Amino acid sequence: MNIISKLSSIYSEYKIFPLNTFHQTTPLKVFQAMFPENYYKKDMDIFLMEHDYNKIRRGADLPWWGENYFKNGKDKKTNAMIVSQDSLSGDSGSVAFYAHIMQELKNEEDYKNFYSKLHKEYQKFGYGNWSKIREMIINWGLDFDNIYITDASKVYTERSSDRFDVEKSRELLKREIGFCNPDLLILLGWKPLDLLAKEYKYSDVVDKCEMLNIDGINTVVCPFPVGNGRSQKNFNQRMDNSKKLIRQLIQE
């Protein structure tokens, strides 16, 4: 079993990616049709083989990883895992939802071409917000080839479209982090921090801009970069402090 199958087998226990829900106008299938030779397209063909089951709960957003994230080598760059919030909010969940196009699409025209092929229920994350996320990652100094992006809460209670199974979501996220073993963990907003380390107060952490240690991993908590996150007190200062800390940790 290769590493993608092993990752997939962790997810398959929670039944959050039923294969029959990925129709031709979902972001994944549009991406796979547009970029048939892309490594992630091929990885997802393997990944979804573990998910041929009946739908029992609302589906979650697929994780995305850069081409070199799971590769080893002495010249390997810093592997960073970015944890967004959840898919109940369009701008939050869409960080993971649209991550797979960050390397392939370089401008607004390309983005709109991709966007136009999606079913209208997936057209919730315009170019402006998507480009802010992309620029943020570039400004942090991270290499897209060495990034893994996922949502925090992603296991819904059965037959519910708006309630998470908090304990199972926490369990899955911790297993995912353990499997991915990042050099740096970046939490966007208060929700992933609350899920992983409830003892910390979000406002204190982002204002002090201190590195945390969560399960032995260097961790930075950042304001959520789009949507309501931008209305936070001292948003720009918090974002700038986070950028400086991330850059410092990458260079160490």
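Numbers given to residues run from 1 along each chain, matching the order in which its sequence is written. Where totals are concerned, whole chains, interfaces and linings use all residues; where local detail is concerned, this predicted model gives features only for residues with pLDDT of at least 70, and gives and counts side-chain atom pairs only at 80 or more. Computation of side-chain values covers all heavy atoms of the structure but excludes hydrogens and water.

1. As for the overall build of the protein
Then comes step 1: Within the protein, the secondary structure is distributed over 10 helices and six strands.
Then comes step 2: In terms of overall dimensions, the protein is globule-like: its C-alpha atoms have a radius of gyration of 17 Å, near the 18 Å expected for 252 residues.
Then comes step 3: The dimensions of the protein, computed from C-alpha atoms along their principal axes, are 45 × 40 × 40 Å.
Then comes step 4: Within the protein, the proportion of its 252 residues that are buried is 52%.
Then comes step 5: Any pair of residues with heavy atoms lying within 4.5 Å of one another is described as a contacting pair. Looking at the protein alone, contacts between residues at least 24 apart form 72% of all its contacts between residues at least 6 apart.
Then comes step 6: Areas reported here follow the Shrake-Rupley algorithm with a probe of radius 1.4 Å; residue values treat only the protein chains shown as occluding. Surface exposure of the protein reaches about 11,800 Å², of which carbon and sulfur atoms provide 44%.
Then comes step 7: Neither His nor the chain ends contribute to the count of charged residues, in which Lys and Arg are positive and Asp and Glu negative. The atoms used to mark charge sites are NZ of Lys, CZ of Arg, CG of Asp and CD of Glu. One finds the centroid of the 36 positive side-chain charges in the protein at a distance of 2 Å from the centroid of its 35 negative side-chain charges. The way it works is that DSSP assigns letters per residue, a run of H or I at least four long becomes a helix, a run of E at least two long becomes a strand, and they are numbered from the N terminus. When we talk radius of gyration, it's over C-alpha atoms, and the globule rule is simply 2.2 Å times the number of residues to the 0.38. Partly exposed describes any residue whose relative accessible area lies between the buried limit of under 20% and the exposed limit of over 50%, with all areas from a 1.4 Å probe on protein chains only and scaled to the type maximum.

2. Re the pattern of salt bridges
Then comes step 1: The salt bridge criterion pairs a side-chain nitrogen of Lys or Arg with a carboxyl oxygen of Asp or Glu, the two atoms within 4 Å. Following the criterion strictly, the structure yields 13 salt bridges and no others.
Then comes step 2: Beyond isolated ion pairs, a larger network of salt bridges with shared partners links D240, K243 and K244.

3. Thoughts on the sheet that holds strand β4 (residues 184-188)
Then comes step 1: If you walk across this open sheet you meet the six strands as β1-β3-β2-β4-β6-β5, and the pairing is mixed. Looking at strand neighbours, the two that pair on one side only are β1 (64-65) and β5 (212-214), the edges of this open sheet.
Then comes step 2: Only strands joined by at least two bridges in the DSSP assignment are considered to pair. Pairing analysis gives three bridges linking β5 to strand β6 (residues 217-222), with the strands arranged antiparallel. Within β6, the residue paired with L212 across the bridge is T219.
Then comes step 3: The sheet contacts of helix α6 (residues 127-140) involve β2 (80-83), β3 (147-150), β4 and β6, and relative to β4 the element is tilted by about 145 degrees. Interaxial angles span 0 to 180 degrees and are taken between N-to-C directions of axes, which are lines fitted to C-alpha atoms, for helices over the stretch in contact.

4. Looking at the nonpolar core
Then comes step 1: Within the largest apolar cluster, 83 residues are counted, with the highest numbers of intra-cluster contacts made by F17, F47, W65, Y98, I137 and W140.
Then comes step 2: Each residue touching F47, except ones within four places of it in the same chain, is listed here: I4, L7, S8, Y11, F17, L62 and W65. Grouping buried Ala, Val, Leu, Ile, Met, Phe, Trp, Tyr and Cys residues that are joined through side-chain atoms within 4.5 Å yields what is termed a nonpolar core.

5. Describing the environment of A99
Then comes step 1: Along the chain, the position of A99 falls in the loop between α4 (90-97) and α5 (108-116).
Then comes step 2: C-alpha separation for the pair A99 and W64, spaced 35 residues apart in sequence, amounts to 6.3 Å.
Then comes step 3: Residue contacts for A99: discarding those within four places in its chain leaves W64 and I149.

6. Describing the environment of F35
Then comes step 1: Along the chain, F35 falls in the loop between α2 (27-34) and α3 (39-47).
Then comes step 2: With 66 residues separating them in the primary sequence, F35 and I101 have C-alpha atoms 9.6 Å apart.
Then comes step 3: What F35 contacts, discounting residues up to four positions off in sequence, is K41, E104 and L105.

7. Focus on unusual backbone geometry
Then comes step 1: Unusually for a residue other than glycine, K15 sits at a positive phi of about 50 degrees.
Then comes step 2: Residues other than glycine seldom take positive phi values, yet C209 does so here, at roughly 50 degrees.
Then comes step 3: For C209, the location among the structural elements is in the loop between α9 (202-208) and β5.
Then comes step 4: The exposure class of C209 is buried, given its relative accessible area of 15%.

8. Some details on the confidence of the model for the protein
Then comes step 1: Mean pLDDT for the protein: 89, with 94% of residues reaching 70 or above.
Then comes step 2: Averaged pLDDT values for the elements of the protein fall to 60 in α4 and rise to 97 in helix α1 (residues 3-12). Per-residue confidence from the prediction method is given by pLDDT, with values spanning 0 to 100.

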